Amino acid sequence: MSHTDSGTVRPITIVGNPVLHHPCAPVTEFGDELATLIDDMFASMYAAEGVGLAANQIGVALRVFVYDCNDDDGVQHVGHMVNPVLVEQPADRRQLDDSPEGCLSVPGPHHELARPDYAMVTGVDVKGEPITVEGTGYFARCLQHEFDHLEGRLYIDRLGKRQRKNVLAEMERMQAEKAEKAQAAAVAEAATPASTAAN
């Protein structure tokens, strides 16, 4: 089932937006509105070149996330999860992996963050049918990252104070550079003779 053909791309909310910093509400209505939201989330995730997206990242405070993410073995996982619950793993199952992590809502920088390399999430699908998803490696990280979003937590909230501050400063710097480049490109385009732009 391809989600790329339908769905409207919505802007991604950025760190500081209140919707990202509060737990999301459970979904209680399973109908066309939810299906449209999920389609829009897939469209927005693909447009932003992400591997996962939570509903509050497009400003909707509901417990829904979508993903299109490979695990460490290169197996692609595509799906959505409504009202997810992250299943706590026994300590002996917990192997920590401290790979770098990034976030569409903290655009630019990545930072190492230790997370278990296995995750299991239970919930329901768009029709309210029960589903369970398991992931290892990078996909496990994705599942935990998206679940955190629905709890009102960003990955940088799991970092130490100084590390968090550094990531946010790096984000500001990268955003400023991007804005400067865009402005320079706009100026260059404006200076192009109108005749060449008319084609």
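Analysis parameters
Residues numbered from 1 in each chain as written. Predicted model: local features only at pLDDT ≥ 70, side-chain atom pairs only at ≥ 80, totals over all residues. Heavy atoms only, no water. Helix = DSSP H or I, 4+ residues; strand = E, 2+ residues; numbered from the N terminus. Buried < 20%, exposed > 50% of the residue type's maximum accessible area, 1.4 Å probe, protein only. Contact = heavy atoms within 4.5 Å. Areas by Shrake-Rupley, 256 points an atom, 1.4 Å probe, with all protein chains shown as cover. Lys, Arg positive; Asp, Glu negative; His and termini not counted. Charge placed at Lys NZ, Arg CZ, Asp CG, Glu CD. 1 Å grid on protein atoms, 1.4 Å probe; cavity = no way out; pocket = protein on both sides within 12 Å on 5 of 7 lines; lining within 4 Å. Points joined across faces, edges and corners; volume = space filled by probe spheres on them. Nonpolar A, V, L, I, M, F, W, Y, C, P; charged D, E, K, R; others polar. Salt bridge = Lys/Arg side-chain N within 4 Å of Asp/Glu carboxyl O. Pairing = 2+ DSSP bridges. Axes fitted to C-alpha atoms, helices over the stretch in contact; angles between N-to-C directions. pLDDT = per-residue confidence, 0-100.

Topic: the overall build of the protein
No. 1: From N to C terminus, the protein includes four helices and nine strands.
No. 2: Of the regular secondary structure in the protein, the N- to C-terminal order runs α-β-β-β-β-β-β-β-β-β-α-α-α.
No. 3: Referenced to the eigenvectors of the C-alpha coordinate spread, the extents of the protein come out at roughly 65 × 45 × 35 Å.
No. 4: A buried classification covers 39% of the 199 residues belonging to the protein.
No. 5: Within the protein, residue pairs in contact and separated by at least 24 positions form 65% of the contacts whose partners lie at least 6 positions apart.
No. 6: A total accessible area of about 11,100 Å² is found for the protein, and carbon and sulfur atoms account for 52% of it.
No. 7: Measuring between centres, the 16 positive side-chain charges of the protein sit 9 Å from its 30 negative side-chain charges.

Concerning the layout of surface pockets
No. 1: Taken as a whole, the largest pocket encloses approximately 380 Å³ of empty space.
No. 2: As for the largest pocket, its lining consists of 22 residues, and the residues nearest its centre are Val51, Gly102, Cys103, His110 and Tyr138.
No. 3: At the level of secondary structure, the elements contributing two or more residues to the lining of the largest pocket comprise β5 (100-103), β6 (106-112) and α2 (137-150).
No. 4: By residue number, the principal contributor to the lining of the largest pocket is α2, which donates six residues.
No. 5: Tallied by class, the residues present in the lining of the largest pocket amount to ten nonpolar, eight polar and four charged.
No. 6: Of the pockets and cavities examined, the second largest pocket occupies roughly 280 Å³.
No. 7: If you go around the second largest pocket, you meet 17 residues; those closest to its centre are Leu86, Glu88, Arg94, Pro116 and Gln144.

As for the pattern of salt bridges
When their charged atoms lie close together, side chains carrying opposite charge are able to pair.
No. 1: Counted by the stated rule, this structure contains eleven salt bridges.
No. 2: Here Arg63 makes a salt bridge to Glu151, at a shortest N to O gap of 2.6 Å. Taken together, the residues span a long stretch of sequence, with Arg63 in the loop between β1 (52-54) and β2 (64-70) and Glu151 in the loop between α2 and α3 (161-190) at a distance of 88 residues.
No. 3: Of the residues examined, Arg63 reaches a relative accessible area of 11% and is grouped as buried.
No. 4: Here Arg158 ties to Asp148 by a salt bridge, and the two come within 2.6 Å at their closest N and O atoms. Taken as a pair, Arg158 in the loop between α2 and α3 and Asp148 in helix α2 lie far apart in primary sequence, ten residues in all.
No. 5: Taking relative accessible area as the criterion, Arg158 reaches 41% and is therefore assigned partly exposed.

So, the sheet that holds strand β3 (residues 76-86)
No. 1: Reading across the sheet, the five strands line up as β1-β2-β3-β8-β9 and stay open at both edges, with antiparallel pairing between neighbours. On the outer flanks of this sheet lie β1 and β9 (130-136), each paired with one strand and no other. Averaged over neighbouring strand pairs, the angle between their axes works out to 30° when direction is ignored.
No. 2: As paired strands, β2 and β3 are joined by seven bridges and run antiparallel to one another. Within the sheet, the bridge partner assigned to Phe65 lies in β3 and is Met81.

Focus: the environment of Val124
No. 1: Note that Val124 resides in strand β8 (residues 118-124).
No. 2: Note on Val124: relative accessible area 17%, which makes it buried.
No. 3: C-alpha of Val124 to C-alpha of Gly50: the two residues are 74 residues apart in sequence and 22 Å apart in space.
No. 4: If we ignore the near neighbours within four places in the chain, the residues touching Val124 are Phe30, Met81, Val82, Glu129, Pro130 and Ile131.

Side note on the confidence of the model for the protein
No. 1: Put simply, the protein has an average pLDDT of 92, and 94% of its residues get 70 or more.
No. 2: Mean pLDDT per element in the protein: helix α4 (residues 194-197) is the minimum at 54, and β1 is the maximum at 98.

What about the side chain of His149?
No. 1: Structurally, His149 can be placed in helix α2.
No. 2: The exposure class assigned to His149 is buried, which follows from its relative accessible area of 1%.
No. 3: Among residues more than four places away in sequence, those in contact with His149 are Leu20, Cys24, Ala54, Asn56, Gln57, Cys103, Ser105 and Leu154.

Overview of the side chain of Ser44
No. 1: The topology assignment puts Ser44 in helix α1 (residues 32-47).
No. 2: Look at Ser44 and you get buried, because its relative accessible area is 1%.
No. 3: Filtering out sequence-adjacent residues up to four positions away, Ser44 remains in contact with Thr8, Val9, Arg10, Ile12, Leu53 and Ile58.

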